[in-house]
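# Summary of the model geometry
What follows is the residue order along each chain.
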Amino acid sequence: MAAPPPQMRLPFEPDPECGFCPRLVGFRNGLRTAQPGWHNAPVPFFGTIDAQLLVVGLAPGLNGANRTGRPFTGDFAGDLLYMTLIEYGFASGTYDARPDDGLRLVSSAITNAVRCVPPKNKPESSEINNCRLFLKRTIMAMPNLRAIVALGRIAHESVIRAYGLRLALLPFVHGSQYVLGKESAAAIGALARTKPVSLFDSYHCSRYNTNTGVLTKDMFRAVFAKVRERLADL
Ligand code: URA
């Protein structure tokens, strides 16, 4: 598949040549040689910064987001994610696993805790820590943000750390909802925000979790139903 058209880079995005994580740079360089038509760079945020909902995934999949350049696009996990976003009105159009499928996010946005594809889908702690800068900048740049859905423990912990909060007080639990108050918004530098942000946890919609029944479609739908309810209250 041909590389997607170049997008305008938002100010909080990593440079396409980001060199923060030497292991990931080495992996990326190998992929650029082996698969020159693929994206093979940090995968940018998808959506608009005025969105109310931010979905945070783990990291681009090798043959999915790393190939197509759009989060969860072409990844197994994208099928359930985009289907559910459409069902709850957070996306419109048809998801066809291509960045030019015309799918639009509706007051929602998607990013990853780690922007570059990691070997074996497993980022190291140092890589998660390095990439948090971009997650934090993304959150800071979203003035209307009211809800974050963290897909999996790594996304959850990176969001909590981005807010400067204590993991022990806010553990990852599928189906939980935490309110990240105005104080934590101020701590992250989002001073203009007047309303708190709710953090919703879900098991990651990965092939492994869905095939083993750790996460069913209904469990995943229930998370987005709660987000919808919460946004309606605000
Ligand atoms: N693709 C992504 O972009 N993120 C994930 O977490 C998984 C697949």
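Right, let's walk through the structure included here. For every chain, the first residue of the written sequence is number 1, and numbering continues from 1 onward in sequence order. Selection of residues for local features in this predicted model requires a pLDDT of at least 70, selection of side-chain atom pairs for listing and counting requires 80 or more, and totals for whole chains, interfaces and linings are taken over all residues. Only hydrogens and water are removed before side-chain values are computed, so all heavy atoms of the structure are retained for them.

This next bit is on the layout of surface pockets. Definitions used throughout: a 1 Å grid over protein atoms alone; a cavity as a set of points that fits a 1.4 Å probe which cannot get out; a pocket as an open set with protein on both sides within 12 Å along at least five of seven lines; a lining residue as one with an atom within 4 Å of a point. Grid points are joined across faces, edges and corners, and a volume is the space filled by probe spheres set on the points. Estimates place the volume of the largest pocket at around 690 Å³. Along its surface, the largest pocket is lined by 33 residues, and Leu 58, Ala 59, Asn 121, His 204 and Ser 206 are the ones closest to its centre. A run of H or I in DSSP becomes a helix once it reaches four residues, and a run of E becomes a strand once it reaches two; helices and strands are each numbered from the N terminus. Contributing elements (two or more residues each) for the lining of the largest pocket: α3 (76–87), α5 (153–162) and α7 (207–211). Note on residue categories: nonpolar means Ala, Val, Leu, Ile, Met, Phe, Trp, Tyr, Cys or Pro, charged means Asp, Glu, Lys or Arg, and polar means any other residue, Gly included. When the residues that make up the lining of the largest pocket are grouped by side-chain class, the tally is 18 nonpolar, 10 polar and 5 charged.

For two strands to be treated as a pair, DSSP must find at least two bridges joining them. Overall, mixed pairing links the 6 strands, which are arranged β1-β5-β2-β6-β8-β7 in an open sheet. Each edge of the open sheet carries a strand with a single partner, namely β1 (46–47) and β7 (177–180). Summarising the sheet, strand β6 (residues 147–151) and strand β8 (residues 197–202) pair through 5 bridges and their orientation is parallel. Each bridged residue has a counterpart across the sheet, and for Val 149 the counterpart in β8 is Phe 200. Its contacts with the sheet place α3 against β1, β2 (53–57), β5 (108–112) and β6, and it is angled at close to 160° to β5. Should any heavy atoms of two residues lie within 4.5 Å, those residues are counted as being in contact. Between N-to-C directions, angles span 0 to 180 degrees; the directions come from axes that are lines fitted to C-alpha atoms, helices contributing only their stretch in contact.

Our next topic: the nonpolar core. Soluble globular proteins: nonpolar side chains tend toward being buried together. To form a nonpolar core, buried Ala, Val, Leu, Ile, Met, Phe, Trp, Tyr and Cys residues must be joined to one another through side-chain atoms within 4.5 Å. With a 1.4 Å probe rolled over the protein chains alone, any residue whose accessible area is under 20% of its type maximum counts as buried; one over 50% counts as exposed, and the rest are partly exposed. Among the nonpolar cores identified, the biggest contains 27 residues, and Leu 81, Leu 85 and Phe 224 are the most heavily contacted of them. If we skip the residues at most four places from it in the chain, Leu 81 touches Val 55, Phe 72, Ile 110, Leu 151, Cys 205, Phe 220 and Phe 224.

A separate point is the site of the ligand. Each residue is tested against the molecule or strand, and it is near if at least one of its non-hydrogen atoms lies within 4 Å. Around the ligand, the structure places Gly 57, Leu 58, Ala 59, Pro 60, Gly 61, Ala 65, Pro 71, Phe 72, Asp 75, Asn 112 and His 204. Under the rule applied, a polar contact is a pair of N or O atoms within 3.5 Å (in protein, one hydrogen donor and one hydrogen acceptor; residues adjacent in sequence only if both atoms are side-chain atoms). Separating an oxygen atom of the ligand from a backbone N or O atom of Phe 72 is a distance of 2.9 Å. One nitrogen or oxygen atom from the side chain of Asp 75 is found 2.8 Å from a nitrogen atom belonging to the ligand. Computed with the Shrake-Rupley method and a 1.4 Å probe, the accessible areas treat only the protein chains shown as cover for residues. If the ligand stood free it would expose 240 Å²; the protein chains cover 94% of that surface. Among the cavities detected, the one that contains the ligand is the largest pocket. Per-class residue counts for the shell around the ligand are 6 nonpolar, 4 polar and 1 charged. Think of it this way: if more than half of a molecule's atoms are within 2 Å of a pocket's grid points, that molecule is in the pocket or cavity.

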